[in-house]
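Close look at the chain arrangement
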Protein chains: 2
Amino acid sequence: MKHYTEQNLNKLPRRYRAHLINSATGYKSANLIGTVSENGISNLAIFNSVIHIGSDPALLGFILRPLTVKRDTYQNIKETGFFTVNQIHKNIVERAHQTSASYEKEDSEFSKTGLTESYQDDFIAPYVEQSFIKIGCHYVNEYLIKENGCILIIGAIDHIYVSENNIATSGNIQLDEMNTVSTVGLDTYALPTILARFSYAKPDREIETLL
Amino acid sequence: MKHYTEQNLNKLPRRYRAHLINSATGYKSANLIGTVSENGISNLAIFNSVIHIGSDPALLGFILRPLTVKRDTYQNIKETGFFTVNQIHKNIVERAHQTSASYEKEDSEFSKTGLTESYQDDFIAPYVEQSFIKIGCHYVNEYLIKENGCILIIGAIDHIYVSENNIATSGNIQLDEMNTVSTVGLDTYALPTILARFSYAKPDREIETLL
């Protein structure tokens, strides 16, 4: 096996190192975060760092890169207090990736990439019409990760929209039926298929395969 | 589409709600975190919350549930300062899930589940012999998420071990070649296949498919 130490990781070319370290912890989630500025300019940005924080109360989080360059997502959330999290599926993966281009502040990634902004139930932040799972959140808190200047944003879930046919009796959303993608590093997208669903694990009892 | 508001999410049965909210943000990473207590008892625990924090310096993070019950992983990290992050692949997914059972503190999940502990390069925390990607970290910091008592642990990467044949020229690890799994919610595992690798996105230029 190839062995990288902290010292020889530091000597790798910057982008190679970023790919290696990003991919070493496995597949990540792929979501589009939708916001709007107080001037009404919508923004859409792809994130692979959305994580589950808790279900009671329903909270999620995501990591923002350091604020050393303009971060429209952050500024819009601070201005309005709201954002949406939208599922990326196979048919929109190329348009979703294109949202990572550095557009001018007055340009909306929605119009630039051909994804459709949608407003529902008087919620101020835009959803992605094409997504099969849409989550509306309000900003709750942020934690500055002082080790590198990243920020963990915490949002509380106000709304979840999901196709009713794709919720299993367990409550799990059938991500595979919706062709939901996952990501590898910064530039690669994958399509998972379900291997197995297992019973709750207990000591000295074999786990059962439920699915 | 089915529409859940904050109010009707709160009325769902506890486990159904946990599945729904966990799965709504998409596929997550699947990793085994290895630690050892100061008394030499090893511990292995499955996490779906390992995230990338940065590549310069190389940092990762993961979310620990509130410390209202015993958390061997947390206590061991605080005692020794070190932990490992180990890839879960198709052939060990059932044993990996079994680590989530509530074993007695004197029992190691390694011996209970049949995963093999391995010690390398004088690193104190145990790796999983069967994993094709193994990461050794030292504890750097923790952030208490006061909204629900979860803790974000930040670790610095000291070592990465990965099969040399599975590193692409870009630096991306070929997770699919190693049958790396991803997770849905708390109990479901998926096997991704690569859809596409895209070029760096720029305004007014079509993205290219590199893979």
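In short, a report on the structure.

Procedures and definitions
- Residues numbered from 1 in each chain as written.
- Chains lettered and ligands numbered in written order.
- Predicted model: local features only at pLDDT ≥ 70, side-chain atom pairs only at ≥ 80, totals over all residues.
- Heavy atoms only, no water.
- Contact = heavy atoms within 4.5 Å.
- Buried area = accessible area lost by both parts, 1.4 Å probe.
- Salt bridge = Lys/Arg side-chain N within 4 Å of Asp/Glu carboxyl O.
- Buried < 20%, exposed > 50% of the residue type's maximum accessible area, 1.4 Å probe, protein only.
- Helix = DSSP H or I, 4+ residues; strand = E, 2+ residues; numbered from the N terminus.
- 1 Å grid on protein atoms, 1.4 Å probe; cavity = no way out; pocket = protein on both sides within 12 Å on 5 of 7 lines; lining within 4 Å.
- Points joined across faces, edges and corners; volume = space filled by probe spheres on them.
- Nonpolar A, V, L, I, M, F, W, Y, C, P; charged D, E, K, R; others polar.
- Least-squares fit on C-alpha atoms with pLDDT ≥ 70 in both.
- Pairing = 2+ DSSP bridges.
- Phe/Tyr/Trp six-rings, centres within 6.5 Å; stacked < 30°, edge-to-face > 60°.

**Quick look at the interface of chain A and chain B**
Contacts between the two partners involve 105 residues from chain A, matched on the other side by 104 residues from chain B. Taking both partners together, chain A and chain B bury about 9300 Å²; carbon and sulfur atoms supply 62% of that area. Linking chain A with chain B are four salt bridges. The salt bridge involving Arg197(A) is made with Asp187(B); its shortest N-O contact spans 2.7 Å.

**Here's the deal with helix H3 (residues 72-80) of chain B**
Residues and elements named next belong to chain B. Of all the residues in H3, the buried ones are Asp-72, Thr-73, Tyr-74, Asn-76, Ile-77 and Thr-80. Taken together, the buried residues of H3 touch strand S3 (31-36), strand S4 (42-47), strand S6 (58-64), strand S7 (82-87), strand S10 (133-145) and strand S11 (150-162). At the exit of H3 stands Gly-81, carrying a positive phi of roughly 85°.

**Brief notes about empty space enclosed by the protein**
Under the defined criterion, the tally for this structure stands at two cavities of 30 Å³ or more. Around the largest cavity, the lining comprises 13 residues; the ones closest to its centre are Lys28(A), Ile51(A), Lys28(B), Val50(B) and Ile51(B). Elements with a minimum of two residues in the lining of the largest cavity: strand S2 (28-29) of chain A together with strand S2 (28-29) of chain B. Within the lining of the largest cavity, the residues separate by chemical class into five nonpolar, six polar and two charged. Here the second largest cavity defines a volume of roughly 40 Å³. Taken together, Ile41(B), Ser42(B), Asn43(B), Asp72(B), Asn76(B), Lys105(B) and Asp107(B) make up the full set of residues lining the second largest cavity. At the level of elements, S4 and H3 of chain B are the ones that each hand at least two residues to the lining of the second largest cavity.

**As for the relation of the copies chain A and chain B**
Expressed as a screw operation, the relation of chain A to chain B combines 0.0 Å of axial shift with a rotation of 180°, fitting to an RMSD of 0.0 Å. In the structure described here, the two chain copies are related by an operation that fits a two-fold rotation axis. Relative to the rotation axis, the closest C-alpha in chain A is found at Pro192(A), a distance of 1.7 Å. The share of interface residues of chain A whose copies in chain B are also at the interface is 99%, consistent with both copies meeting through the same surface.

**Quick notes on the sheet that holds S2(B)**
Reading across from one edge, S2(A)-S12(A)-S13(A)-S13(B)-S12(B)-S2(B) is the order of the six strands in this open sheet, with antiparallel pairing throughout. The sheet terminates laterally at S2 of chain A together with S2 of chain B, the two strands that pair on one side only. Pairing geometry for S2(A) and strand S12 (residues 182-184) of chain A, over two bridges, is antiparallel. Its bridge partner being in S12(A), Ser29(A) is matched across the sheet by Ser182(A).

**Some words on the pairing of strand S7 (residues 82-87) of chain A**
All names here are of chain A. Of all six residues in S7, five are buried, a share of seventy percent or more. With four bridges joining them, strand S3 (residues 31-36) and S7 adopt antiparallel strand pairing. Across the sheet, residue Gly-34 finds its bridge partner in S7, namely Thr-84. The pairing of S7 with strand S10 (residues 133-145) spans five bridges and is classified as antiparallel.

**Some details on the environment of Leu44(A)**
Residues and elements named next belong to chain A. When you line up the elements, Leu-44 lands in strand S4 (residues 42-47). Here Leu-44 falls in the buried class, since its relative accessible area comes to 0%. For Leu-44 and Phe-83, which are 39 residues apart along the polypeptide, the C-alpha to C-alpha distance reads 9.9 Å.

**Re the packing of aromatic side chains**
Residues and elements named next belong to chain A. Under the criterion given, the structure shown has twelve aromatic pairs over all chains. Arranged with centres 5.4 Å apart and planes meeting at 80°, the rings of Tyr-127 and Tyr-161 form a pair that is edge-to-face. Of this pair, Tyr-127 sits in strand S9 (residues 127-128) while Tyr-161 sits in strand S11 (residues 150-162), and the two are 34 residues apart along the sequence. With relative accessibility at 0%, the residue Tyr-127 sits in the buried group.

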